[in-house]
Amino acid sequence: DGAEAMAVNKAKGMIAPSGIIACVRAACSSGSFKEGLQVEGREFTKLLFSVQSAALRHLFFAERMISKVPGLKAQPAPLKKVGILGAGLMGGGIAICCVQKGLQ
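Every value quoted in this text rests on a predicted model; they were computed, and no experiment measured them.

Asks: What is the right way to look at the packing of aromatic side chains in this model?
Replies: What characterises a pair of aromatic rings is the spacing of the ring centres plus the angle enclosed by the ring planes. Counted under the stated rule, the structure contains one aromatic pair. Taking the centre distance of 5.1 Å and the plane angle of 85° together, the rings of F60 and F61 count as edge-to-face. Among the residues examined, F60 registers a relative accessible area of 38% and is labelled partly exposed.

Set out below in structure tokens:
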């Protein structure tokens, strides 16, 4: 129960930790090895075909494809002028840094 609470806190919104804990519980119960494999198979199938699994696979492949976008190797033009909104502590600090680097 402590492991489940920790998993819920560490991986908020994720469904895989509860599936893993269900498999460990089945392995530690007095059931047979075959029953444990059935629990693991059910949990795996449920996770594999979940919306969250599809979204994570999509994210994985999208991250790989982004490295192949043309023009990503282009270098930005050097900055000459900077506009700063706000004159508070942060805005003042940014302004000081820009002036020290020779920006207008």
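Asks: Explain the environment of K34 here, please?
Replies: Within the secondary structure, K34 sits in helix α3 (residues 33–48). Spatially, the C-alpha atom of K34 lies 38 Å from that of A62, the residues being 28 residues apart in sequence.

Asks: Sorry if this is basic, but what is going on with α3 here?
Replies: Side chains of residues three or four places apart in an α-helix project in the same direction, reflecting 3.6 residues per turn. Taking 1.5 Å of rise per residue, the 16 residues of α3 would be expected to cover 22 Å, and the 22 Å separating its terminal C-alpha atoms lies within 8% of that figure. All buried positions along α3 are accounted for by G36, V39, E43 and L47. When α3 is viewed along its axis, its buried side chains cluster within an angular range of 65° and face the same direction. Counted as exposed and oriented over 90 degrees from the buried face of α3: K34, R42 and F44. Buried-residue contacts for α3 involve α2 (16–28) and α4 (51–66).

Asks: For this particular structure, what's the right way to read the packing of α2 against α3?
Replies: To characterise two packed helices, one gives the angle between the axes of the helices and the distance between these axes. Relative to each other, α2 and α3 sit at 175°, their axes nearing to 9 Å. Taken together, the axis directions place α2 and α3 in an arrangement best described as roughly antiparallel. Residues A16, G19, A22, C23 and A26 of α2 form the contact with α3, whose participating residues are G36, V39, E40, E43 and L47. Taken together, the residues of the contact of α2 with α3 sort by class into six nonpolar, two polar and two charged.

Asks: Before we go on, may I ask you to explain the pattern of salt bridges in this structure?
Replies: Where charged atoms of side chains with opposite charge meet at close range, the side chains can pair. Under the criterion given, the structure shown has three salt bridges. R25 is the partner of E4 in a salt bridge, and the nearest nitrogen-oxygen pair spans 3.1 Å. With E4 in helix α1 (residues 2–10) and R25 in helix α2, this residue pair connects regions lying 21 residues apart in the sequence. We classify E4 as partly exposed; its relative accessible area is 29%. Since its relative accessible area comes to 39%, R25 is described here as partly exposed. As a salt-bridge pair, R64 and E63 come within 3.5 Å of each other at their nearest N and O atoms. The class of R64 is partly exposed, set by a relative accessible area of 39%. By relative accessible area, E63 is classed as partly exposed at 46%.

Rules behind the numbers
- Residues numbered from 1 in each chain as written.
- Predicted model: local features only at pLDDT ≥ 70, side-chain atom pairs only at ≥ 80, totals over all residues.
- Heavy atoms only, no water.
- Phe/Tyr/Trp six-rings, centres within 6.5 Å; stacked < 30°, edge-to-face > 60°.
- Buried < 20%, exposed > 50% of the residue type's maximum accessible area, 1.4 Å probe, protein only.
- Helix = DSSP H or I, 4+ residues; strand = E, 2+ residues; numbered from the N terminus.
- Expected span 1.5 Å × (residues − 1).
- Arc of directions from axis to C-beta.
- Contact = heavy atoms within 4.5 Å.
- Axes fitted to C-alpha atoms, helices over the stretch in contact; angles between N-to-C directions.
- Parallel < 35°, antiparallel > 145°, perpendicular 65-115°, else oblique.
- Nonpolar A, V, L, I, M, F, W, Y, C, P; charged D, E, K, R; others polar.
- Salt bridge = Lys/Arg side-chain N within 4 Å of Asp/Glu carboxyl O.

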